[in-house]
Amino acid sequence: QFNPQDLANTAWAFATAGHSSPALFDALARASAASIGQFNPQSLANTAWAFAVVDRKLTDDIMTHLQRISETDGGSFQAV
């Protein structure tokens, strides 16, 4: 089973390579949503970036967590 950083790295790698397989990103979205409470701000930001690059929609759970983190812990985000 992948941890949040593994999921973020996988999404980032495939997005960077231009591989936007709907099945892959759907599976990443489900796995990410299942462990969303364990994502740190950096992994969450990288995951959101990857989904945006491949034009895939994040789940509502991920979007809610992203909004919550950005409002309460925005200072810990780092540009990559």
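Residues numbered from 1 in each chain as written. Predicted model: local features only at pLDDT ≥ 70, side-chain atom pairs only at ≥ 80, totals over all residues. Heavy atoms only, no water.

A.B. asks: Report on the overall build of the protein, specifying residues and quantitative values.
C.D. replies: What the protein contains, in helices and strands, is four helices and zero strands. The helix and strand sequence of the protein, counted from the amino end, reads α-α-α-α. Its C-alpha atoms give the protein a radius of gyration of 11 Å, within 12% of the compact-globule value 12 Å for 80 residues. Taking the principal axes of its C-alpha atoms as reference, the protein extends roughly 35 × 25 × 20 Å. Sequence-distant contacts, at least 24 apart, represent 66% of the contacts inside the protein between residues at least 6 apart. For the protein, the computed accessible surface area is about 4,800 Å², with 52% contributed by carbon and sulfur atoms. Within the protein, the 7 negative side-chain charges are centred at a point lying 6 Å from the centre of the 4 positive side-chain charges. (Helix = DSSP H or I, 4+ residues; strand = E, 2+ residues; numbered from the N terminus. Rg over C-alpha atoms; globule rule 2.2 N^0.38 Å. Contact = heavy atoms within 4.5 Å. Areas by Shrake-Rupley, 256 points an atom, 1.4 Å probe, with all protein chains shown as cover. Lys, Arg positive; Asp, Glu negative; His and termini not counted. Charge placed at Lys NZ, Arg CZ, Asp CG, Glu CD.)

A.B. asks: Could you give an account of the packing of aromatic side chains, with specific residues and numbers?
C.D. replies: Evaluation of the coordinates by the stated rule reveals one aromatic pair. Relative to phenylalanine 51, the ring of phenylalanine 25 has its centre 5.1 Å away and its plane inclined at 85 degrees; by these criteria the two rings are edge-to-face. Taken as a pair, phenylalanine 25 in helix H2 (residues 22-34) and phenylalanine 51 in helix H3 (residues 41-53) lie far apart in primary sequence, 26 residues in all. By relative accessible area, phenylalanine 25 is classed as buried at 0%. Residue phenylalanine 51 is classed as buried on the basis of its relative accessible area, which comes to 1%. (Phe/Tyr/Trp six-rings, centres within 6.5 Å; stacked < 30°, edge-to-face > 60°. Buried < 20%, exposed > 50% of the residue type's maximum accessible area, 1.4 Å probe, protein only.)

A.B. asks: Please provide a residue-by-residue account of the side chain of serine 43, values included.
C.D. replies: Along the chain, the position of serine 43 falls in helix H3. Residues within four places of serine 43 in sequence aside, it is in contact with Pro4, Gln5 and Ala8.

A.B. asks: So what about the nonpolar core? Which residues, and what values?
C.D. replies: Ala11, Phe25, Leu28, Leu44, Phe51 and Ile62 are the most contacted members of the largest nonpolar core, which totals 18 residues. At the level of elements, helix H1 (4-16), H2, H3 and helix H4 (60-73) are the ones that each hand at least two residues to this core. Among all residues touching phenylalanine 51, those that are not within four sequence positions of it are Ala11, Phe25, Leu28, Ala29, Arg56, Lys57 and Leu58. (Core = buried A, V, L, I, M, F, W, Y, C linked by side-chain atoms within 4.5 Å.)

A.B. asks: Would you mind going over the packing of H1 against H2 in detail, with residue names and values included?
C.D. replies: The packing of two helices is summarised by the inter-axis angle and the distance between the axes. Two numbers describe how H1 lies on H2: the axes approach to 10 Å, and their chain directions differ by 160 degrees. The angle between H1 and H2 places the two elements in the roughly antiparallel class. In the crossing of H1 with H2, the sense of the turn from one axis to the other is left-handed. Residues Leu7, Thr10, Ala11, Phe14 and Ala15 of H1 lie in contact with H2, whose contacting residues are Leu24, Phe25, Leu28, Ala31 and Ser32. Residues that form the contact of H1 with H2 fall into these classes: eight nonpolar, two polar and no charged. (Axes fitted to C-alpha atoms, helices over the stretch in contact; angles between N-to-C directions. Parallel < 35°, antiparallel > 145°, perpendicular 65-115°, else oblique. Left-handed = near helix turned anticlockwise from the far one by under 90°. Nonpolar A, V, L, I, M, F, W, Y, C, P; charged D, E, K, R; others polar.)

In short, shape yes, function no, at least from these values alone.
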